[in-house]
Amino acid sequence: MSRIVVIGGGIAGLSAAAALSEDAEVTLLEGERAVGYHASGRSAAMYFDSYGNETVWALNRGSRAGLEAAGVLSPRGVLMVAPMGFEGFEDAAQGMAEIGVAEAQERVPILGPAVARAAWIEEAFDIDTDLLLQGFAKAVRAAGGRVVTGASVTSIVRDGAVWRVETAEETFVAERLVNAAGAWADGIAAMAGIAPKGIQPYRRSMARLPAPGGHDVTGWPFLLDAGETWYAKPDAGKWLVSPADEDPVEAQDAWADDMVLAEGLARYEAMVTAPVTRVEGSWAGLRSFAPDRTPVLGPDPAEPSFIWCAGQGGYGFQTSFAAARLVADLVFRRAPTLAEEAVNALSPGRF
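Please read these numbers as outputs of a predicted model, since none were measured by experiment.

Conventions adopted
- Residues numbered from 1 in each chain as written.
- Predicted model: local features only at pLDDT ≥ 70, side-chain atom pairs only at ≥ 80, totals over all residues.
- Heavy atoms only, no water.
- Helix = DSSP H or I, 4+ residues; strand = E, 2+ residues; numbered from the N terminus.
- Rg over C-alpha atoms; globule rule 2.2 N^0.38 Å.
- Buried < 20%, exposed > 50% of the residue type's maximum accessible area, 1.4 Å probe, protein only.
- Contact = heavy atoms within 4.5 Å.
- Lys, Arg positive; Asp, Glu negative; His and termini not counted.
- Charge placed at Lys NZ, Arg CZ, Asp CG, Glu CD.
- Pairing = 2+ DSSP bridges.
- Axes fitted to C-alpha atoms, helices over the stretch in contact; angles between N-to-C directions.
- Core = buried A, V, L, I, M, F, W, Y, C linked by side-chain atoms within 4.5 Å.
- Phe/Tyr/Trp six-rings, centres within 6.5 Å; stacked < 30°, edge-to-face > 60°.
- Lys NZ or Arg CZ within 6 Å of the ring centre and 35° of its normal.
- Parallel < 35°, antiparallel > 145°, perpendicular 65-115°, else oblique.
- Left-handed = near helix turned anticlockwise from the far one by under 90°.
- Nonpolar A, V, L, I, M, F, W, Y, C, P; charged D, E, K, R; others polar.

Peer 1: I would appreciate a short explanation of the overall build of the chain in the present structure.
Peer 2: Helices and strands together make up the secondary structure of the chain, namely 9 helices and 21 strands. Taken against the 2.2 N^0.38 rule, which gives 20 Å for 351 residues, the C-alpha radius of gyration of the chain at 21 Å falls within 12% of a compact globule. Considering the chain as a whole, with its 351 residues, one finds that 53% of them fall into the buried category. Considering only contacts within the chain whose residues lie at least 6 apart along the sequence, 72% involve residues at least 24 apart. Here the chain holds 28 positive side-chain charges and 45 negative ones, and the gap between their average locations is 5 Å.

Peer 1: Please clarify how the sheet that holds strand 21 (residues 306-310) should be interpreted in this entry.
Peer 2: Adjacent strands of a sheet form backbone hydrogen bonds with each other and so pair up, either parallel or antiparallel. What the 6 strands build is an open sheet, ordered 9-2-1-13-21-20; its pairing is mixed. Only two strands of the sheet have a single partner each, and these edge strands are strand 9 (146-148) and strand 20 (296-299). Each adjacent strand pair in this sheet contributes to an overall mean axis angle of 15°, direction not counted. Sheet topology note: the strand 1 (residues 3-7)/strand 2 (residues 25-29) ladder contains 5 bridges and is parallel. In the strand pairing of strand 2, Val5 is matched with Thr27. Helix 8 (residues 320-331) contacts strand 1, strand 13 (176-179), strand 20 and strand 21 of the sheet and is inclined by roughly 20° relative to strand 20.

Peer 1: When you look at the nonpolar core in this model, what are you seeing that I'm missing?
Peer 2: Generally speaking, a soluble globular protein has its nonpolar side chains buried in company with each other. In this structure, Ile4, Val6, Leu20, Leu132, Leu297 and Cys309 are the most contacted members of the largest nonpolar core, which totals 45 residues. It is helix 1 (residues 11-20) that contributes the most residues to this core, 8 residues altogether. For Ile4, the contacting residues outside a window of four places in its chain are Leu20, Ala24, Glu25, Val26, Thr27, Ala174, Arg176, Val178, Val331 and Phe332.

Peer 1: Please clarify how unusual backbone geometry should be interpreted in this entry.
Peer 2: For residues other than glycine, phi is negative in most cases, and the peptide bonds are mostly trans. We note that Glu228 has phi near 55°; this positive angle belongs to a residue other than glycine. The topology assignment puts Glu228 in the loop between strand 15 (222-225) and strand 16 (231-235). Of the residues examined, Glu228 reaches a relative accessible area of 54% and is grouped as exposed.

Peer 1: Looking at this model, I keep getting lost on the packing of aromatic side chains. Mind explaining?
Peer 2: Using the criterion set out here, one finds 10 aromatic pairs in the structure. Here Phe136 and Phe321 contribute two aromatic rings whose centre-to-centre distance is 5.0 Å and whose plane-to-plane angle is 55°, an arrangement assigned as tilted. Note that Phe136 is positioned in helix 5 (residues 129-142) and Phe321 in helix 8, a separation of 185 residues in sequence. By relative accessible area, which is 25% here, Phe321 ends up partly exposed. Put simply, the rings of Tyr51, Tyr202, Phe289 and Tyr315 touch in pairs and so form one group of aromatic residues. The ring centre of Trp120 lies 3.8 Å from the NZ or CZ of Arg107, which sits over that ring. Here the guanidinium or amino end of Arg293 rests over the ring plane of Phe289, the centre of that ring lying 3.8 Å away.

Peer 1: What is the right way to read the environment of Ala45 from this model?
Peer 2: Mapped onto the elements of the fold, Ala45 is located in the loop between strand 2 and strand 3 (46-48). For Ala45, a relative accessible area of 11% puts it in the buried group. The sequence separation of Ala45 and Ala70 amounts to 25 residues, and the corresponding C-alpha distance is 15 Å. With near-sequence residues (within four places) excluded, Ala45 lies in contact with Phe125, Asp126, Ile127, Thr129 and Lys233.

Peer 1: Honestly, the sheet that holds strand 3 in this entry has me stumped. Any pointers?
Peer 2: The strand order across the open sheet built from 3 strands is 3-8-4, with neighbouring strands paired in antiparallel fashion. Sheet topology places strand 3 and strand 4 (73-75) at the edges, where each strand pairs with a single neighbour. Sheet twist, expressed as the average angle between the axes of neighbouring strands with direction ignored, equals 35°. The sheet strands contacting helix 2 (residues 54-69) are strand 3, strand 4 and strand 8 (124-127), and the helix crosses strand 3 at an angle near 130°.

Peer 1: Is there a simple way to think about the packing of helix 1 against helix 8 in this case?
Peer 2: Two numbers describe a pair of packed helices, the interaxial angle and the distance between the axes. As a packed pair, helix 1 and helix 8 sit with axes 8 Å apart at the nearest point and diverge in direction by 50°. Here helix 8 runs oblique to helix 1, going by the angle between their axes. Note that helix 1 runs across helix 8; the crossing there is right-handed. When helix 1 is examined against helix 8, the residues Ile11, Ser15, Ala16, Ala19 and Leu20 are found in contact with a partner set consisting of Ser320, Ala324, Arg325, Ala328 and Val331. Each residue belonging to the contact of helix 1 with helix 8 can be placed in one class, and the counts come to 7 nonpolar, 2 polar and 1 charged.

Peer 1: In this structure, what is going on with the pairing of strand 12 (residues 171-174)? I would like to understand it.
Peer 2: Each regular strand displays side chains that alternate between the two surfaces of the sheet. Every second residue of strand 12 is oriented toward a common face, the buried set being Phe172 and Ala174 and the non-buried set Thr171 and Val173. Where strand 11 (residues 162-167) lies against strand 12, 4 bridges are found, and the strand directions are antiparallel. Bridged to Trp163 within strand 12 is Ala174. Between the end of strand 11 and the start of strand 12, which pair antiparallel, lie 3 residues.

Next comes the structure, spelled out in structure tokens:
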């Protein structure tokens, strides 16, 4: 059985490792002490099949059956709102049904008079991210693979027909190497002598607020500004609000910028009747995109034993099953179930 090392213990790496474990001996390396620590542990965790570009839509839809079978989806719905004079509402609300402002206010009672238009989609779900991550990790271990945490990669060398991947504690040898390192993906490529793909991390911040106006927010939908300048959603009886920031940064353990949060909360407050009186906590994660904002999945054209599984942006959880299956199909030279057009759009060879 062939050996594969997967670098990165977020949703991209864990899902790929689980799919690859069906036909190979897989070792997953994560530099932090727990899987899902960076971007995957700070996700808004929604499944919304028309989120992203058309190639991402194909991955979303190809993943739904797997997400349902894993038991990680729960109904949430998405409500989009826009102020008077907002241009491009129809494009922003593609795939949604326009509803009246009064109906929108029934769904989210704190919506204020600034809301002029609204759109709704029922088919949107919360994702239990921890259950999904642990399910993939369990699948790797059940197949005889390893999930090694606290294993920061210090060196990658191509040695004949194998890769030698060194950490402070151990050297791992495999015929194939999967780069699922998220914000660090281009750095891992450079370490391996592979040309980077221009994958850029962007900071996305979040604030946790008390339930606004004392409302029970449990049944409220994901609330999205049509201009994508903020969004909000319920979380364990609290109310999360993001300024939807997308500031380019170096790969890092990200933190929220107070000014960015304040500006985003002000944009949110302009559309609601309940003022923000207290922020109970805040954090930030990294969303990493290729230049065309489409994931990079498959063998590198210059070195096919180096496999990309990166650039998922904010779509990693909802695309996980289809993305992992595509990586496994390409590695083991099976005909992909994904449409050829989407496979080509995801290929590392497009750069």
